[in-house]
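# Observations on the three-dimensional arrangement
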Amino acid sequence: MIQIGFCDDDLSMLDELHELLGSYRAEHNADIAPTAFQSPFELLASIEKGARFDILLLDVLMPGENGIEAAREIRQYDSNVKIIFLTSSAEFAVQSYTVGAYFYQLKPIWPESFFRLMDSVIAACSRESSASLILRCRTGITRVELDKLEYCEVIRRSLLLHKTDGTVLEAAGSMDSLCESLAEHRNFLRIHRSYLVNLEHIQTITPKTLVMSSRAELPIPRGRYNDIKDAYLEHAFQKEQVFLT
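Residues numbered from 1 in each chain as written. Predicted model: local features only at pLDDT ≥ 70, side-chain atom pairs only at ≥ 80, totals over all residues. Heavy atoms only, no water.

If you tally the helices and strands in the protein chain, you get seven helices and 15 strands. Within the protein chain, contacts between residues at least 6 apart in sequence are counted, and of these 51% link residues at least 24 apart. Summing over all exposed atoms, the protein chain offers an accessible surface of approximately 13,300 Å²; the carbon and sulfur share of this is 49%. If you average the places of the 25 positive and of the 35 negative side-chain charges in the protein chain, the two averages end up 11 Å apart. (Helix = DSSP H or I, 4+ residues; strand = E, 2+ residues; numbered from the N terminus. Contact = heavy atoms within 4.5 Å. Areas by Shrake-Rupley, 256 points an atom, 1.4 Å probe, with all protein chains shown as cover. Lys, Arg positive; Asp, Glu negative; His and termini not counted. Charge placed at Lys NZ, Arg CZ, Asp CG, Glu CD.)

Below, the structure written as structure tokens:
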């Protein structure tokens, strides 16, 4: 289900958005759950308590704190939510993209253009959810694209996820639960009770060490070399990669 939050200090606008989303859900048989907020403070309080949204529709000009400022705070908790600004002025259009806005929609909002926008943003959410992992990290709720996840490790009670850009995320949970979440993705292999690797990012395999594309060296347990080598070769053959013999 796609969670959509919408925030506007104008009650008539909230009613209009609620009606538009209701019409979209009925006409497209869309699995969406909309939640209304009358102020950015109310929205931020909800997110701070753990609420997660796939899409946020934010009015730009609101008393107390405008939508751009609210979005900047929201990004501290969630770097992946699709933010769409709704406003009657193009004044903040450029500034909106500094907080990673998905779109900047001018009012008045026409159903036809709004429905096209919903088609686009919901499709984007669906594509990302099928090839990504949502984590509760120290930095907030984060969506990690699986092709950018190099390997994961457990150090003491911390689950660390190493991305291909060098970023390391510390997440809640256990290695067992992470492996269960990624079970349907065949390119992930648990090589050790403390390590899970993305086969796409293996550079070298030796009897004692597995070298990742970042040059990180991970230990191979005694007796596991052949199993890991075979799993890697099977994955490579399935990807139709070229071998020199």
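Here the narrative resumes.
Attention now goes to the UniProt feature "modified residue: 4-aspartylphosphate" (unreviewed entry) in the protein chain. The UniProt entry lists D59 under the feature "modified residue: 4-aspartylphosphate" (unreviewed entry), expressed in the numbering used here. Checked against the element boundaries, D59 lands in strand β3 (residues 55-59). Exposure remark for D59: the relative accessible area of 5% places this residue in the buried category. When residues no more than four places from it in sequence are discounted, the contact partners of D59 are C7, D8, D9, G67, L86, T87 and K107. (UniProt positions renumbered as here; feature names shortened; annotations may be inferred. Buried < 20%, exposed > 50% of the residue type's maximum accessible area, 1.4 Å probe, protein only.)

For the rest of this paragraph, the subject is the pairing of strand β8 (residues 149-155). A large share of β8 lies buried, amounting to five of its seven residues. Both β8 and strand β9 (residues 158-163) contribute to a ladder of six bridges, which runs antiparallel. Its bridge partner being in β9, I155 is matched across the sheet by S158. In this structure, the hairpin formed by β8 and β9 is closed by a connection of two residues, where R156 is found at a positive phi of approximately 55 degrees. In this sheet, strand β12 (residues 195-198) lies alongside β8 in antiparallel orientation, the contact comprising three bridges. Among the inter-strand pairings, Y151 is bridged to a residue of β12, identified as V197. (Pairing = 2+ DSSP bridges.)

Moving on, we come to the pattern of salt bridges. Going through the model one piece at a time under the given rule, you end up with six salt bridges. Here K107 and D8 are joined by a salt bridge, their closest N and O atoms 3.0 Å apart. Of this pair, K107 sits in the loop between β5 (101-106) and α5 (111-130) while D8 sits in the loop between β1 (2-7) and α1 (11-28), placing them 99 residues apart in sequence. Residue K107 is classed as partly exposed on the basis of its relative accessible area of 22%. On the accessibility criterion, D8 (2% relative accessible area) is buried. (Salt bridge = Lys/Arg side-chain N within 4 Å of Asp/Glu carboxyl O.)

To continue, consider helix α7 (residues 225-238). Between its first and last C-alpha atoms α7 spans 20 Å; for 14 residues at 1.5 Å apiece the expected length is 20 Å, and the two agree. When we look at burial in α7, the residues that qualify are I228, H235 and A236. Buried residues of α7, viewed axially, fall in a sector of 100 degrees; they line one side. Opposite the buried face of α7, by more than 90 degrees, sit the exposed residues F237 and Q238. (Expected span 1.5 Å × (residues − 1). Arc of directions from axis to C-beta.)

For the rest of this paragraph, the subject is the UniProt feature "domain: HTH LytTR-type" (unreviewed entry) in the protein chain. The UniProt entry lists residues 133-234 under the feature "domain: HTH LytTR-type" (unreviewed entry), expressed in the numbering used here. Along residues 133-234 one finds 17% helix and 47% strand; the C-alpha atoms at either end are 24 Å apart.

In this chain, K107 is followed by P108 through a cis amide linkage whose omega measures 0 degrees. In this fold, P108 is placed in the loop between β5 and α5. In the Ramachandran plot, N29 falls in the positive-phi region, its phi being about 50 degrees despite a non-glycine side chain.

The next thing to look at is the environment of S158. Among the secondary structure elements, S158 is positioned in strand β9. Overall, S158 belongs to the partly exposed group, its relative accessible area being 23%. Measuring from C-alpha to C-alpha, the distance between S158 and L11 comes to 45 Å, with 147 residues separating the pair along the chain. Excluding anything up to four places from it in sequence, S158 contacts E153 and E170. Separated by 3.0 Å, the side chains of S158 and E170 make a polar contact. (Polar contact = N/O pair within 3.5 Å; in protein donor to acceptor, adjacent residues only side chain to side chain.)

Before going further, it helps to spend a moment on the pairing of strand β10 (residues 168-171). Of the two faces of β10, the one lined by L169 and A171 is fully buried and the one lined by V168 and E170 carries no buried residue. As paired elements, β9 and β10 share four bridges and run antiparallel to each other. Note on β10: the bridge partner recorded for L161 is L169. If you look at the hairpin formed by β9 and β10, you'll find four residues sitting between the two strands, and G166 has a positive phi there, around 95 degrees.

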